[in-house]
Each structure stands twice: as C-alpha cells, then as structure tokens.
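Each chain is listed here by its residues.
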Amino acid sequence: MLSYERATVEGRHRHLKGSKGNTSKFVVTLLFFSENKQNESSSSSVYVHNPHLAEMKDDVLYHLSLATGTHDLPAMFGDVKFVCTGGSAWRMKKCTAYIAAELGMEDPKSDYPNICAGTDRYAMYKVGPVLCVSHGMGVPSIAIMLHELIKLLHHARCTDVTIIRIGTSGGIGLEPGTIVVTKQSLDGMFQPRFEQVILGKTVVRNVDLDQGLAEELLKCSKELNQFETVIGNTMCTLDFYEGQARLDGAFCSYTEKDKQDFLHKAKEAGVCNIEMESSVFAAMCNLSGLRGAVVCVTLLDRLKGDQLSCPHDVLQGYQLRPQILVGHYIKQQLKATALKV
Ligand SMILES: O=P(O)(O)O[C@@H]1C[C@H](O)[C@@H](CO)O1
Ligand SMILES: O=c1cc[nH]c(=O)[nH]1
C-alpha cells in the first residue's frame, strides 16, 4: 500500500520587476508517497491519485488515440507487467521485436502493429506482457505520455508494473557506448528535484528511483558481459544545447573553459550522464507507485566534444544496448515468476 506524506517548504521569491531586493514569501507543499508496510498487499495497483477521474463517464487518452469508451483497455492491456519507453518510435519498434525474440514470442511476419496508429504523437507496441511506448523529446513530451499511460494502466487494472526508460545520453568521462543506470536524477543546478508550476505555485517533486531495480539491472549487465555499465547520477536538462553546456548551438555566451568547469562540477556531484527526461520520469514513478529505472547509453564523452559525429551505424548500435540489457532483465523476471507459479 502507498500513503501520502506531506511536507511544506518555505522560501522567498525574488521579484524580477520592482525595487531591488524586493522578495515575497512562497510556501510549497510536497506530497510524497511512502510505503505502508503494515497494510502491504501482495500486488500493487496504485497508479492514479485523482478524485475527478471517478466522476468522468469516459476518459479520452487523446495523445495515445485510445479511450475507455471506445477501447476495451482491460482486454487490451490487463496483462502488462513491463513498460519500456524511449524517445524514438523506431527504437520502440526495434525494442518490441528484440524482446519478442528474447521471450520466444516472435510474430512470424515480424509485424508489430502500432497501437497508437490513430495519432503521430507517440507509438506503442505490445508483445506478451511487455509494452513499448515512445515518448518524444524532453520533459513536457514524456510527462504527457506518462499521464496517459498511467491512466491506461489504471483503467486496464494492471498490477505490479515495472517501467524502464531506455534512452541515449551524453556521458561525462565515460567511454562512448557505456550504459548508465540512474541512481538519482539531478537538475541543471545538481539538485535532486523536479520542479513543476501548478496553479501558479512551484511544486517540488521527489526524484528517487528504485535502487533495488538499478542494482538488479547492473547485475544483469555483468551476466551479459557485452558492454560497460555503471550506476550513477543523471543530469536532466530542459535543452540539448545551452542546457547541456554545448558550444555548438545557434546561441552560446560562454567559453570552452566555462563549459569544462561546469561539466567537472557535474562530475563532482556524481553525474555520469546528461539527458532530458529522467527527472519527471522519476517523479511520476514516485507519484504513481510504478517501479521505475532509467537506463541510458552514452553516445559521446562530453568532456571531449559536443557533436554526434561518429558513424550512423555505430550510433544505432549503441542505441540498442539498453534494450539488450532490459530484454535480459525481463526474461529473467518472467522465468522467476513462472517458477513461482
Ligand atoms: O530517449 P532519447 O534517446 O530520445 O533521449 C535523449 C534525451 C533527448 O530526448 C534526446 C536528445 O537527443 O535523446
Ligand atoms: O549529449 C546527449 C546525447 C543524447 N541525449 C542528450 O540529451 N544529450
């Protein structure tokens, strides 16, 4: 069972306009969900926390092109136990075919229809208990997908779902092709938090990820022994260029030295890689009670450069690594569950 914990943070806003040093007080209420061990049940299905949903006759998951009124969501998705999500639709289709082969569930025609074919916002594929969904680029895009996915899992009455973001990133001091399993998601100021403005107030959300799941994934990588994997902090930014201290965007107002100083500070804060979705992903896993992990391959070492100039096939090969690791993990989990039955 999960229960709310409330915490209040007080601070002061500095007014941008008006007289120098003018500030006003703000109060932010933090809601954490914590495990209630006393009432722990064997399966977990706490995904949505919204009293308004129960009052709605029909729920339209607009960006997924699915709805409770037009689709039998329990029949379509009730067996889902794992969700893999990543930026590109191509990668999610590849991931579906790879996991199908790993689990011996290949479609003889190798055709995995896009369940969200009614929209070009996101793509979704399913093989057995595994759902693969694309999320686009950046926090707003993945947040919209996650709101609708979490409602989908709720309407479908799914239980015990694990969700893993399989993505790409820029590494700091790591050999390109290394996988980073995120320990904590830090913002651009190296703070472990996700800030969202709701009703004109800043709400700070918890970005802790499931450490047990991260360790299990690291163990799987050791068993596979195909590529280097580390557990470390991931910096989540709102931009690929200036937000990640690149020198090659359309605009840049800092020097190579400024960039290096920033990246070294990030390294000191335990940052192993930089990407653009982990913070809100972690926050929404915490809110929903989903078990979550972020597994990203590094495409380059940001201490050595900014441009992704290595050959296309090398980059595509790197992109497949997170799914190889996650495919192995899912296969092991399903085997272990089958043994228990
Ligand atoms: O899941 P992907 O590999 O798309 O995530 C990273 C972070 C940004 O969305 C994108 C930038 O190239 O790659
Ligand atoms: O450097 C990189 C590479 C992939 N994705 C990012 O966000 N940054």
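Only a predicted model underlies this, so the values are computations on that prediction, with no experimental measurement involved.

This next bit is on the site of ligand 2. Inspection of the region around ligand 2 gives Thr168, Ser169, Gly170, Phe240, Gln244, Arg246, Ile274, Glu275, Met276 and Leu300 as its neighbouring residues. Note that an oxygen atom of ligand 2 is positioned 3.4 Å from one of the backbone N or O atoms of Gly170. One nitrogen or oxygen atom from the side chain of Arg246 is found 2.7 Å from an oxygen atom belonging to ligand 2. Considered on its own, ligand 2 offers 240 Å² of accessible surface; in the complex 93% of this is hidden by protein.

This part covers the pairing of strand S14 (residues 291-301). A large share of S14 lies buried, amounting to 10 of its 11 residues. Pairing geometry for strand S9 (residues 179-186) and S14, over three bridges, is antiparallel. Opposite Val181, over in S14, you have Val295 as the bridge partner.

Cross-referencing UniProt, the feature "binding site: substrate" (unreviewed entry) maps to Gln244 and Arg246 in the present numbering. Topologically, Gln244 is positioned in the loop between strand S12 (229-236) and helix H5 (256-268). For Gln244, a relative accessible area of 3% puts it in the buried group. Those residues in contact with Gln244, other than ones at most four positions away along the chain, are Thr237, Asp239, Ile274, Glu275, Met276 and Arg302. For Gln244, the side chain forms a polar contact with the side chain of Arg246, separated by 2.9 Å. Topologically, Arg246 is positioned in the loop between S12 and H5. Of the residues examined, Arg246 reaches a relative accessible area of 2% and is grouped as buried.

With 13 residues, H5 ought to run about 18 Å at 1.5 Å a step, and its terminal C-alpha atoms sit 18 Å apart, in line with that. For H5, the complete set of buried residues consists of Lys259, Gln260, Leu263 and Ala266. Down the axis of H5, the buried side of the element spans an arc of 120 degrees, and every buried residue falls inside it. Summarising the geometry of H5, the exposed residues directed more than 90 degrees from the buried face are Lys257, Lys265 and Glu268. Tucked into the core, H5 has its buried residues touching strand S13 (271-275).

About the criteria used
- Sequence order sets the numbering: in each chain, residues are counted from 1 along the sequence as written.
- Each chain is given a letter, starting from A, and each ligand a number, starting from 1, according to the order in which they appear as written.
- At least 70 in pLDDT is required for a residue's local features to be given in this predicted model, at least 80 for side-chain atom pairs to be given and counted, and no such filter applies to totals for whole chains, interfaces and linings, which use all residues.
- Excluding hydrogens and water, the side-chain values take into account all heavy atoms of the structure.
- Nearness is judged by heavy atoms alone; a residue qualifies as near a molecule or strand once a single heavy atom is within 4 Å of it.
- In protein, a polar contact means a hydrogen-donor-capable atom and an acceptor-capable atom, both N or O and within 3.5 Å, with residues adjacent in sequence counting only if both atoms are side-chain atoms; elsewhere, any N or O pair within 3.5 Å suffices.
- Only the protein chains shown count as covering a residue, and every accessible area follows the Shrake-Rupley method with a 1.4 Å probe.
- Between buried and exposed lies partly exposed: a residue is buried under 20% and exposed over 50% of the maximum accessible area for its type, with that area taken using a 1.4 Å probe on protein chains only.
- Helix and strand definitions here come from DSSP, where helices need a minimum of 4 consecutive H or I residues and strands a minimum of 2 consecutive E residues; each element is numbered from the N-terminal end.
- For two strands to be treated as a pair, DSSP must find no fewer than two bridges joining them.
- UniProt positions are given in the numbering used here, feature names are shortened, and annotations may be inferred rather than shown by experiment.
- Contacts: residue pairs with any heavy atoms within 4.5 Å of one another.
- Residue count minus one, scaled by 1.5 Å, sets the expected span of a helix.
- Comment: arc refers to directions from the helix axis out to C-beta atoms.

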